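Report on the structure
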Amino acid sequence: MSFHPKIDYREFHRSTRKMPYDDGKVFAYEPDNRARLEDIAKRYPPEGRKSAILPALYLVQRQLGYISLSSMQHVAEAIGCTAAEVEDVVSFYTMFYTRPMGKFVVQVCRTLPCALRGAERVTEELTTALGIQPNDTDSTGTFTLMEVECLGACDRAPLVMVNDSWHECLQPEDAKKLADDLRARGEDALTGCHHQSPDRAKG
Amino acid sequence: MEPILTKFVREPHCYTLDFYLKHEGYQGLRTALGMKPNDVIELVKASGLKGRGGAGFPAGMKWQFVVKDTPKPKYIVCNADESEPGTFKDHLLMERNPHLLFEGCLIACHAIGAKVAYIYIRGEFLHVQHVLEQQLEDAYKKGYVGKNVMGLGWDCDIFIHRGAGAYEAGEETALLESLEGKRAQPRLKPPFPAIAGLYGAPTAVNNVETLSNVPSILLRGAEWYAALGPEKNGGPKLYCISGHVERPGVYEASMNITLRELIFNVAGGVRDGRPLKAVIPGGSSVPILLPDQLDIQASFDGVAKAGSLLGSAGIIVLDDTTCMVWLAENLLRFYRHESCGKCTPCREGTQWLLNILEKIERGEGEMKDLALLENVAGLIAGKTLCAFGDAAATPALTTLKNFRGEYEAHVREGRCTVPAPWRRRTAAAAHSH
Ligand SMILES: Cc1cc2nc3c(=O)[nH]c(=O)nc-3n(C[C@H](O)[C@H](O)[C@H](O)COP(=O)(O)O)c2cc1C
Ligand code: FES
């Protein structure tokens, strides 16, 4: 693959090889995660065992919080492929973290429909409230701020995802309150549909 | 039109198997299993059901193309990646009506002779995935999925596979790559998935909404279905309306409805009664329509006739405070970020388009940059393995075509001439990627 000398690909491009994070520890699945992986692998035909790479990485992330250098080797052994194949996948998908993240990963959707309803302002306010720029983690390891692309719920713009949960229709002026509420109450502070009753769509 | 796909979505427990069974649930499947697979395909062909994922390809035809005479297994893969900006209908369908999708998957499997369907759902929809998993487990337990479906001696499995953040994974061959545990990059076609798809076996990839349309066709027939909309654009359609409208949301209607009715009646018109500036009618990848172009059928053919595409029916409404250079810049940031990097024109071109647009929006543009934009966009469109390239070229081309004066004003005055209070107030940080 040829790359243009004037473009700085390192920052964003998913075709770029990211150096895996070496936390200096040897990773191994906890027994139930290992068992879970074998359960998942049964969904695919034997020749398709590599299909379980994505689920296997989610299991690593659930256990460790991010994907480390050693965990990629471990996944490769569990799946029966090369570590390069695993690394190829890790570096492509944005939901695999290659470094330790804050306790709350605050992801502001910045794509057009959300931006039309104030997402840029939300990011600004969160930057101020959290004291960090997008892609940074604060010094206490509480918050990581990120900007992400359309999350598939543009009718609830501006949309913010915190870890795997959603906060809908966040107005810029409420951004600071959200940060405070997250500190105080954790993910219970979020308004996402699935946090309310399972039958939210009444009104 | 009485809603068909979303009739019950506001009712409590509408997503449960019990609720679904009380409303003719799995009866379309029962009908299908009493028919020969080929007759199911003919029925769906006769209904005229067009794919709802973006391309509008007839679903029955896609199933017919799947190679039947092969020792290999066959697969149905449901595209639940839903990542086209402005699109959020599959989200609602899966969260509130998951069994409709399961039933559609099973009927499709019967039609093409598959024993397995995979639902590839985007990673960010974890809460939706939880609903699917819970309901799928129930459907397995009560004999609607798995071994001996409904006691009729037919086996079929459905598995859910979670993506991990990649727009390109919505392109059908990239989706298959991703499902095989690789980077979501498109394949060279032909061979099409119908010949060599998942694990090299014949495969049909269908969108969530497409599959969710199938049960009603089996229940009420092709004629009934076709008559719901204009010619060749039958059935119910889900519209996602977002941006500067009073009531953003998912709305179900017949494709007889016009774009104007959708925006002004259904979604309550432009927010705060402001003037309408433009509309993107089919997700971020399609050409813009102007306010005087809205009295058209919001059908695949109607929107195409007006020079745009219905695409995924993501209708993004823009009021007079929207700067068109800013809009193109925003979308190019998206396309640059999501370009999978496989084809050079797209990987490199999206970055250059973004550079030029940022420069103009910052007020540092020159008149010759407008021609350069057109040039670079033209070097991407049609020159890539998948339709991502055309999509990425569109925002710059369509805004230039319709709002050239706005670009020129930016260059002349050396600043953004359409600032809006809802946009960023500080200069964009240098790291913004
Ligand atoms: C870049 C790109 C992204 C796409 N994203 C999606 C998507 O998120 N969901 C979807 O259903 N189709 C998407 N498609 C369209 C699929 O390639 C394919 O046409 C569709 O899944 C077929 O299903 P259908 O025939 O039922 O519409 C995308 C296409 C391209 C080129
Ligand atoms: S643009 Fe934010 S969810 Fe679609």
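Here's a quick rundown of the structure. Quick caveat, the model's predicted, so the values are computed rather than measured.

A few words now on the overall build of chain A. Check the secondary structure of chain A and you find seven helices and four strands. The order of α-helices and β-strands along chain A, N terminus first, is α-α-α-α-β-α-α-β-β-β-α. Burial statistics for chain A: of 203 residues in total, 60% are counted as buried. Put simply, chain A shows about 8700 Å² of open surface, and 50% of that area lies on carbon and sulfur atoms.

What follows concerns unusual backbone geometry. Of the consecutive residues B:Lys189 and B:Pro190, the connecting peptide bond is found in the cis state with omega at -5°. Mapped onto the elements of the fold, B:Pro190 is located in the loop between helix 8 (172-179) and strand 4 (203-207). A cis amide bond links B:Pro190 to the next residue, B:Pro191, at an omega of 5°. Tracing the sequence through the fold places B:Pro191 in the loop between helix 8 and strand 4. A positive phi angle, near 50°, is found at A:Asn163, a position not held by glycine. Inspection of the secondary structure puts A:Asn163 in the loop between strand 3 (160-162) and strand 4 (165-167). Positive phi is not limited to glycine here, since B:His13 has a value of about 60°.

This part is about the packing of helix 5 (residues 89-96) of chain B against helix 7 (residues 126-141) of chain B. Residue and element names in this part refer to chain B. Between helix 5 and helix 7, whose axes approach to 8 Å, the crossing angle comes to 35°. Crossing of helix 5 against helix 7: the hand is left-handed. Here helix 5 contributes His91, Met94 and Glu95 to the contact with helix 7, which in turn contributes His127, Val128, Val131 and Leu132. The residue inventory of the contact of helix 5 with helix 7, partitioned by class, reads four nonpolar, two polar and one charged.

Attention shifts here to the site of ligand 1. All names here are of chain B. Around ligand 1 sit 19 residues, and of these Gly53, Lys62, Asn79, Asn207 and Thr210 come closest. One nitrogen or oxygen atom from the main chain of arginine 52 is found 3.3 Å from an oxygen atom belonging to ligand 1. Between an oxygen atom of ligand 1 and a main-chain N or O atom of serine 83, the distance comes to 3.2 Å. Here ligand 1, which alone exposes 610 Å², has 90% of that area covered by the protein. Ranked by residues supplied to the shell around ligand 1, first place goes to strand 4 with three residues. A per-class count over the shell around ligand 1 returns four nonpolar, eight polar and seven charged.

Residue and element names in this part refer to chain A. Taken N-terminus to C-terminus, the directions of helix 3 (residues 69-79) and helix 4 (residues 83-92) make an angle of 120°; their axes are 8 Å apart at the nearest point. Classified by the angle between their axes, helix 3 and helix 4 sit oblique to one another. When you trace helix 3 past helix 4, the crossing you get is right-handed. Across from Met72, Gln73, Val75 and Ala76 in helix 3, the residues of helix 4 making contact are Ala83, Val86, Glu87 and Val90. Of the residues belonging to the contact of helix 3 with helix 4, the class tally is six nonpolar, one polar and one charged.

All right, on to the interface of chain B and chain A then. Quite often, the size of an interface is put as the accessible area lost when its parts meet. Taken together, the contact between chain B and chain A spans 81 residues of the former and 64 residues of the latter. Taken over both partners, the interface formed by chain B and chain A buries close to 6300 Å², and the fraction arising from carbon and sulfur atoms is 54%. The tally of links from chain B across to chain A stands at three salt bridges. The tally of links from chain B across to chain A stands at 28 residue pairs in polar contact (both at pLDDT 80 or more). In terms of residue class, the side of chain B that touches chain A is built from 34 nonpolar, 26 polar and 21 charged.

Bringing the sheet that holds strand 1 (residues 104-109) of chain A into the picture now. Residues and elements named next belong to chain A. Across the sheet, which stays open at both edges, the four strands sit in the order 2-1-3-4 with mixed pairing between neighbours. Edge positions in the sheet fall to strand 2 (143-148) and strand 4, since each of these pairs with one other strand and no more. Neighbouring strand axes in the sheet, compared pairwise and without regard to direction, differ in orientation by 25° on average. Lying on the sheet, helix 6 (residues 119-130) is in contact with strand 1, strand 2 and strand 3; it crosses strand 1 at an angle near 155°. The sheet strands contacting helix 7 (residues 175-185) are strand 1, strand 2, strand 3 and strand 4, and the helix crosses strand 2 at an angle near 135°.

Before going further, it helps to examine the nonpolar core. Ranked by size, the top nonpolar core spans 118 residues in total, and within it A:Tyr93, A:Phe96, B:Tyr26, B:Trp63 and B:Ile119 carry the most contacts. With 10 residues, helix 6 (residues 98-112) of chain B is the largest single contributor of residues to this core. Each of domain 1 (1-100) and domain 2 (104-201) of chain A contributes no fewer than three residues to this core. Among the nonpolar cores identified, the runner-up in size contains 45 residues, and B:Trp326, B:Tyr335, B:Ala392 and B:Ala420 belong to it.

Here we take up the pattern of salt bridges. Residue and element names in this part refer to chain B. Enumeration over the complete set of coordinates arrives at 46 salt bridges over all chains. Here glutamate 24 and arginine 220 are joined by a salt bridge, their closest N and O atoms 2.8 Å apart. Taken together, the residues glutamate 24 in the loop between helix 1 (17-22) and helix 2 (27-33) and arginine 220 in helix 9 (residues 208-220) connect sequence positions 196 residues apart. With relative accessibility at 40%, the residue glutamate 24 sits in the partly exposed group. A salt bridge links lysine 182 to glutamate 177; its shortest N-O distance comes to 3.6 Å. In this structure, a network of salt bridges that share partners links the residues Arg52, Lys89, Asp90, Glu209 and Lys237.

Conventions we followed
Residues numbered from 1 in each chain as written. Chains lettered and ligands numbered in written order. Predicted model: local features only at pLDDT ≥ 70, side-chain atom pairs only at ≥ 80, totals over all residues. Heavy atoms only, no water. Helix = DSSP H or I, 4+ residues; strand = E, 2+ residues; numbered from the N terminus. Buried < 20%, exposed > 50% of the residue type's maximum accessible area, 1.4 Å probe, protein only. Areas by Shrake-Rupley, 256 points an atom, 1.4 Å probe, with all protein chains shown as cover. Axes fitted to C-alpha atoms, helices over the stretch in contact; angles between N-to-C directions. Left-handed = near helix turned anticlockwise from the far one by under 90°. Contact = heavy atoms within 4.5 Å. Nonpolar A, V, L, I, M, F, W, Y, C, P; charged D, E, K, R; others polar. Near = heavy atom within 4 Å. Polar contact = N/O pair within 3.5 Å; in protein donor to acceptor, adjacent residues only side chain to side chain. Parallel < 35°, antiparallel > 145°, perpendicular 65-115°, else oblique. Buried area = accessible area lost by both parts, 1.4 Å probe. Salt bridge = Lys/Arg side-chain N within 4 Å of Asp/Glu carboxyl O. Pairing = 2+ DSSP bridges. Core = buried A, V, L, I, M, F, W, Y, C linked by side-chain atoms within 4.5 Å. Domains from an automatic or database assignment.

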